[in-house]
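Okay, here's what each chain looks like letter by letter:
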Amino acid sequence: MLQDQKMNNREVLISQETIQSRVYELAQKISSDYADEEPILIGILNGVVFFFVDLVKALTIPVTIDFIRASSYGSGTVSKGAITYSKDVEINVKNKPVIIVEDIVDTGLTLNQIIKRIEKKGPKSIRICALIDKGERRSEEVILDYSGFQVEKGFLVGYGLDHDERYRYLQDIFVLK
Ligand code: IMP
(Lines give C-alpha, C1' and ligand atoms only; values in the text may rest on other atoms or scores of the structure.)
Protein backbone atom coordinates (compact mmCIF):
# COMPACT_ATOMS: atom_id res chain seq x y z
CA MET A 1 0.00 0.00 0.00
CA LEU A 2 2.86 2.33 0.89
CA GLN A 3 4.33 1.84 -2.56
CA ASP A 4 1.00 2.81 -4.17
CA GLN A 5 0.82 5.97 -2.09
CA LYS A 6 4.30 6.91 -3.26
CA MET A 7 3.10 6.42 -6.85
CA ASN A 8 0.30 8.91 -6.25
CA ASN A 9 2.89 11.54 -5.35
CA ARG A 10 4.78 10.98 -8.58
CA GLU A 11 4.52 13.11 -11.64
CA VAL A 12 1.75 11.96 -13.93
CA LEU A 13 2.91 10.97 -17.41
CA ILE A 14 -0.56 10.94 -18.99
CA SER A 15 -3.44 12.38 -17.00
CA GLN A 16 -6.90 10.87 -16.85
CA GLU A 17 -8.29 13.95 -18.66
CA THR A 18 -5.79 13.54 -21.50
CA ILE A 19 -6.53 9.80 -21.68
CA GLN A 20 -10.29 10.36 -21.81
CA SER A 21 -10.14 12.95 -24.57
CA ARG A 22 -7.80 10.79 -26.68
CA VAL A 23 -9.98 7.70 -26.16
CA TYR A 24 -12.96 9.77 -27.32
CA GLU A 25 -11.04 10.81 -30.47
CA LEU A 26 -10.11 7.18 -31.21
CA ALA A 27 -13.74 6.14 -30.76
CA GLN A 28 -14.90 8.87 -33.15
CA LYS A 29 -12.41 7.73 -35.79
CA ILE A 30 -13.34 4.05 -35.42
CA SER A 31 -17.06 4.91 -35.54
CA SER A 32 -16.58 6.82 -38.75
CA ASP A 33 -14.31 4.18 -40.37
CA TYR A 34 -16.80 1.41 -39.55
CA ALA A 35 -20.00 3.36 -40.23
CA ASP A 36 -21.31 0.61 -42.54
CA GLU A 37 -19.94 -2.39 -40.68
CA GLU A 38 -20.40 -4.04 -37.32
CA PRO A 39 -16.89 -4.83 -36.13
CA ILE A 40 -15.91 -7.33 -33.47
CA LEU A 41 -13.61 -5.74 -30.90
CA ILE A 42 -11.24 -8.21 -29.29
CA GLY A 43 -9.50 -6.98 -26.17
CA ILE A 44 -6.25 -8.48 -24.95
CA LEU A 45 -6.69 -9.16 -21.23
CA ASN A 46 -6.03 -8.10 -18.52
CA GLY A 47 -4.44 -4.70 -18.93
CA VAL A 48 -6.80 -3.51 -21.66
CA VAL A 49 -10.03 -3.61 -19.63
CA PHE A 50 -10.11 0.05 -18.54
CA PHE A 51 -9.27 1.34 -22.02
CA PHE A 52 -11.57 -1.20 -23.69
CA VAL A 53 -14.65 -0.23 -21.69
CA ASP A 54 -14.06 3.51 -22.17
CA LEU A 55 -13.47 3.01 -25.90
CA VAL A 56 -16.51 0.80 -26.50
CA LYS A 57 -18.79 3.14 -24.51
CA ALA A 58 -17.67 6.09 -26.64
CA LEU A 59 -18.39 4.36 -29.98
CA THR A 60 -21.47 5.44 -31.91
CA ILE A 61 -21.78 2.22 -33.95
CA PRO A 62 -22.99 -1.26 -33.01
CA VAL A 63 -20.20 -3.69 -32.13
CA THR A 64 -19.75 -7.08 -30.57
CA ILE A 65 -16.95 -7.79 -28.14
CA ASP A 66 -14.74 -10.64 -26.99
CA PHE A 67 -11.42 -11.07 -25.24
CA ILE A 68 -8.25 -13.09 -25.54
CA ARG A 69 -5.80 -13.59 -22.71
CA ALA A 70 -2.15 -14.07 -23.54
CA SER A 71 0.72 -13.95 -21.12
CA SER A 72 4.30 -13.28 -22.06
CA TYR A 73 5.63 -11.31 -19.11
CA GLY A 74 5.12 -13.25 -15.90
CA SER A 75 6.14 -10.89 -13.12
CA GLY A 76 9.11 -9.27 -14.86
CA THR A 77 9.31 -6.18 -17.05
CA VAL A 78 10.94 -7.73 -20.13
CA SER A 79 9.02 -9.76 -22.70
CA LYS A 80 10.05 -13.40 -22.84
CA GLY A 81 8.63 -13.89 -26.29
CA ALA A 82 6.88 -17.15 -25.45
CA ILE A 83 3.13 -16.77 -25.20
CA THR A 84 0.56 -18.85 -23.40
CA TYR A 85 -3.20 -18.45 -23.84
CA SER A 86 -5.57 -18.81 -20.93
CA LYS A 87 -8.61 -17.49 -22.81
CA ASP A 88 -9.22 -17.70 -26.53
CA VAL A 89 -11.66 -15.81 -28.75
CA GLU A 90 -15.04 -17.56 -28.52
CA ILE A 91 -17.15 -15.46 -30.87
CA ASN A 92 -17.17 -16.50 -34.56
CA VAL A 93 -15.01 -13.98 -36.44
CA LYS A 94 -15.20 -15.67 -39.86
CA ASN A 95 -15.75 -13.05 -42.60
CA LYS A 96 -16.25 -10.34 -39.98
CA PRO A 97 -14.21 -7.16 -39.51
CA VAL A 98 -12.10 -7.47 -36.37
CA ILE A 99 -10.39 -4.77 -34.33
CA ILE A 100 -7.82 -6.06 -31.85
CA VAL A 101 -7.53 -3.73 -28.87
CA GLU A 102 -4.32 -3.70 -26.82
CA ASP A 103 -3.19 -1.54 -23.91
CA ILE A 104 0.49 -1.14 -24.78
CA VAL A 105 2.75 -2.43 -27.54
CA ASP A 106 6.36 -2.85 -26.50
CA THR A 107 8.44 -5.40 -28.45
CA GLY A 108 5.43 -6.26 -30.63
CA LEU A 109 5.85 -10.00 -30.01
CA THR A 110 2.56 -10.48 -28.16
CA LEU A 111 0.48 -8.60 -30.68
CA ASN A 112 2.02 -10.28 -33.73
CA GLN A 113 1.37 -13.74 -32.32
CA ILE A 114 -2.23 -12.83 -31.50
CA ILE A 115 -2.73 -11.37 -34.99
CA LYS A 116 -1.50 -14.66 -36.51
CA ARG A 117 -3.82 -16.64 -34.25
CA ILE A 118 -6.87 -14.55 -35.19
CA GLU A 119 -5.93 -14.51 -38.91
CA LYS A 120 -6.27 -18.31 -38.91
CA LYS A 121 -9.93 -17.90 -37.91
CA GLY A 122 -10.65 -16.22 -41.29
CA PRO A 123 -11.87 -12.70 -40.43
CA LYS A 124 -12.79 -10.29 -43.23
CA SER A 125 -10.21 -7.80 -41.96
CA ILE A 126 -8.05 -7.08 -38.93
CA ARG A 127 -7.11 -3.66 -37.61
CA ILE A 128 -5.19 -2.85 -34.47
CA CYS A 129 -6.00 -0.26 -31.84
CA ALA A 130 -3.47 0.34 -29.05
CA LEU A 131 -3.62 2.93 -26.31
CA ILE A 132 0.17 3.24 -26.08
CA ASP A 133 2.81 2.66 -28.72
CA LYS A 134 6.12 2.29 -26.85
CA GLY A 135 8.94 2.45 -29.34
CA GLU A 136 12.14 1.69 -27.44
CA ARG A 137 12.22 -2.11 -27.59
CA ARG A 138 10.21 -2.79 -30.74
CA SER A 139 11.70 -5.90 -32.32
CA GLU A 140 8.84 -6.81 -34.67
CA GLU A 141 7.07 -4.47 -37.02
CA VAL A 142 3.46 -3.86 -36.04
CA ILE A 143 1.12 -1.58 -37.91
CA LEU A 144 -1.10 0.24 -35.45
CA ASP A 145 -4.18 1.53 -37.26
CA TYR A 146 -5.36 3.43 -34.19
CA SER A 147 -2.78 4.56 -31.66
CA GLY A 148 -3.51 6.67 -28.58
CA PHE A 149 -0.11 7.86 -27.41
CA GLN A 150 3.49 7.37 -28.46
CA VAL A 151 5.93 6.91 -25.61
CA GLU A 152 9.62 6.34 -26.25
CA LYS A 153 10.57 4.36 -23.14
CA GLY A 154 9.91 3.51 -19.49
CA PHE A 155 7.74 0.97 -17.74
CA LEU A 156 4.27 2.45 -17.38
CA VAL A 157 1.61 1.71 -14.80
CA GLY A 158 -1.95 2.83 -14.16
CA TYR A 159 -5.21 2.86 -16.18
CA GLY A 160 -5.01 -0.93 -16.44
CA LEU A 161 -1.24 -1.20 -16.82
CA ASP A 162 0.37 -3.20 -14.05
CA HIS A 163 3.67 -4.21 -12.62
CA ASP A 164 3.30 -7.62 -11.01
CA GLU A 165 -0.50 -7.06 -10.89
CA ARG A 166 -0.17 -3.78 -8.98
CA TYR A 167 -1.24 -0.25 -9.91
CA ARG A 168 -3.90 -1.17 -12.46
CA TYR A 169 -6.54 0.86 -10.61
CA LEU A 170 -4.68 4.20 -10.79
CA GLN A 171 -6.60 6.62 -12.99
CA ASP A 172 -3.57 8.35 -14.48
CA ILE A 173 -0.56 6.73 -16.18
CA PHE A 174 2.81 6.92 -14.38
CA VAL A 175 6.36 5.77 -15.10
CA LEU A 176 7.53 3.09 -12.67
CA LYS A 177 11.01 4.04 -11.52
P1 IMP B 1 5.24 -6.93 -26.07
O2 IMP B 1 4.99 -8.36 -26.47
O3 IMP B 1 6.67 -6.74 -25.68
O4 IMP B 1 4.79 -5.93 -27.09
O5 IMP B 1 4.46 -6.70 -24.72
C6 IMP B 1 3.13 -6.40 -24.67
C7 IMP B 1 2.56 -6.64 -23.30
O8 IMP B 1 3.55 -6.43 -22.28
C9 IMP B 1 1.45 -5.66 -22.98
O10 IMP B 1 0.22 -6.19 -23.33
C11 IMP B 1 1.59 -5.48 -21.50
O12 IMP B 1 0.86 -6.48 -20.83
C13 IMP B 1 3.05 -5.69 -21.22
N14 IMP B 1 3.80 -4.41 -21.16
C15 IMP B 1 4.71 -3.94 -22.02
N16 IMP B 1 5.19 -2.76 -21.62
C17 IMP B 1 4.54 -2.45 -20.49
C18 IMP B 1 4.58 -1.32 -19.59
O19 IMP B 1 5.31 -0.32 -19.78
N20 IMP B 1 3.75 -1.39 -18.53
C21 IMP B 1 2.92 -2.44 -18.27
N22 IMP B 1 2.84 -3.50 -19.09
C23 IMP B 1 3.65 -3.52 -20.18
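Residues numbered from 1 in each chain as written. Predicted model: local features only at pLDDT ≥ 70, side-chain atom pairs only at ≥ 80, totals over all residues. Heavy atoms only, no water.

Trainee: How would you explain the sheet that holds strand 2 (residues 64-71) if you had to name every residue and give the values?
Mentor: Strand pairing in a sheet takes place through backbone hydrogen bonds and is either antiparallel or parallel in direction. Spatially, the six strands line up as an open sheet ordered 3-2-1-4-5-6, and their pairing is mixed. Two strands close off the open sheet at either side, each with one partner strand: strand 3 (84-87) and strand 6 (146-151). Taken pair by pair, the neighbouring strands of this sheet meet at an average axis angle of 25°, ignoring direction. Here four bridges tie strand 1 (residues 40-45) to strand 4 (residues 97-105), and the two strands are oriented parallel to one another. Its bridge partner being in strand 4, Ile-40 is matched across the sheet by Val-98. Of the strands in this sheet, strand 4, strand 5 (125-134) and strand 6 are in contact with helix 2 (residues 16-33), which crosses strand 6 at around 150°. Against the sheet, helix 4 (residues 109-119) engages strand 1, strand 2, strand 3, strand 4 and strand 5, with an angle of about 165° to strand 4. (Pairing = 2+ DSSP bridges. Helix = DSSP H or I, 4+ residues; strand = E, 2+ residues; numbered from the N terminus. Axes fitted to C-alpha atoms, helices over the stretch in contact; angles between N-to-C directions. Contact = heavy atoms within 4.5 Å.)

Trainee: Before we move on, could you go through the site of the ligand and cite the residues and values that matter?
Mentor: Around the ligand, 16 residues are found, and the nearest of them are Thr-107, Gly-108, Thr-110, Lys-134 and Leu-156. Within the contact set of the ligand, an oxygen atom lies 3.0 Å away from a side-chain nitrogen or oxygen of Glu-102. One of the side-chain nitrogen or oxygen atoms of Thr-107 is found 2.5 Å away from an oxygen atom of the ligand. The element that contributes the greatest number of residues to the shell around the ligand is strand 4, accounting for four residues. Residues of the shell around the ligand, tallied by class, amount to six nonpolar, five polar and five charged. (Near = heavy atom within 4 Å. Polar contact = N/O pair within 3.5 Å; in protein donor to acceptor, adjacent residues only side chain to side chain. Nonpolar A, V, L, I, M, F, W, Y, C, P; charged D, E, K, R; others polar.)

Trainee: Can you explain the packing of aromatic side chains? Please cite residues and give values.
Mentor: How two aromatic rings sit relative to each other is given by the distance of their centres and the angle of their planes. Considering all chains together, one arrives at two aromatic pairs under this definition. With a centroid separation of 4.7 Å and 50° between ring planes, the pair formed by Phe-52 and Phe-67 is classed as tilted. Taken together, the residues span a long stretch of sequence, with Phe-52 in helix 3 (residues 49-58) and Phe-67 in strand 2 at a distance of 15 residues. Its relative accessible area of 3% is what places Phe-52 among the buried residues. The aromatic ring of Tyr-85 is capped on one face by Arg-117, whose charged end is 3.9 Å from the ring centroid. (Phe/Tyr/Trp six-rings, centres within 6.5 Å; stacked < 30°, edge-to-face > 60°. Buried < 20%, exposed > 50% of the residue type's maximum accessible area, 1.4 Å probe, protein only. Lys NZ or Arg CZ within 6 Å of the ring centre and 35° of its normal.)

Trainee: Go over the environment of Thr-18, please, and point to the residues and values.
Mentor: If you trace the backbone, Thr-18 turns up in helix 2. On the basis of relative accessible area, Thr-18 is assigned to the partly exposed category, the value being 37%. Between the alpha carbons of Thr-18 and Asp-172 there is a distance of 9.0 Å; along the sequence they are 154 residues apart.

Trainee: Please give an account of the pattern of salt bridges that cites residues and values.
Mentor: Counted according to the given criterion, the structure contains 12 salt bridges. One salt bridge connects Arg-117 with Asp-88, and the closest N-O pair in it is separated by 3.1 Å. Within this pair, whereas Arg-117 is found in helix 4, its partner Asp-88 is found in the loop between strand 3 and strand 4, the two being separated by 29 residues in sequence. A relative accessible area of 29% means that Arg-117 is categorised as partly exposed. Among the ionic pairs, Glu-165 bridges to Arg-168, the shortest N-O distance being 2.9 Å. For Arg-168, a relative accessible area of 14% translates into the label buried. Connected through salt bridges with shared partners, the residues Lys-29, Asp-33 and Arg-127 form a single ionic network. (Salt bridge = Lys/Arg side-chain N within 4 Å of Asp/Glu carboxyl O.)

Trainee: Residue-level account of the pairing of strand 2, with values.
Mentor: The two faces of a sheet get side chains in turn, since along a regular strand they alternate between them. Here strand 1 runs beside strand 2; their pairing, made up of six bridges, is parallel. In the sheet register, Leu-41 faces strand 2, and the bridge partner there is Ile-65. Running through helix 3, the crossover from strand 1 to the neighbouring parallel element strand 2 is right-handed. In the sheet, strand 2 pairs with strand 3 via three bridges, with the strands oriented antiparallel. Considered in strand 3, the bridge of Arg-69 is made with Lys-87. (Right-handed = clockwise from strand over helix to strand, strands pointing away.)

Any link to function would need more than the numbers given here.
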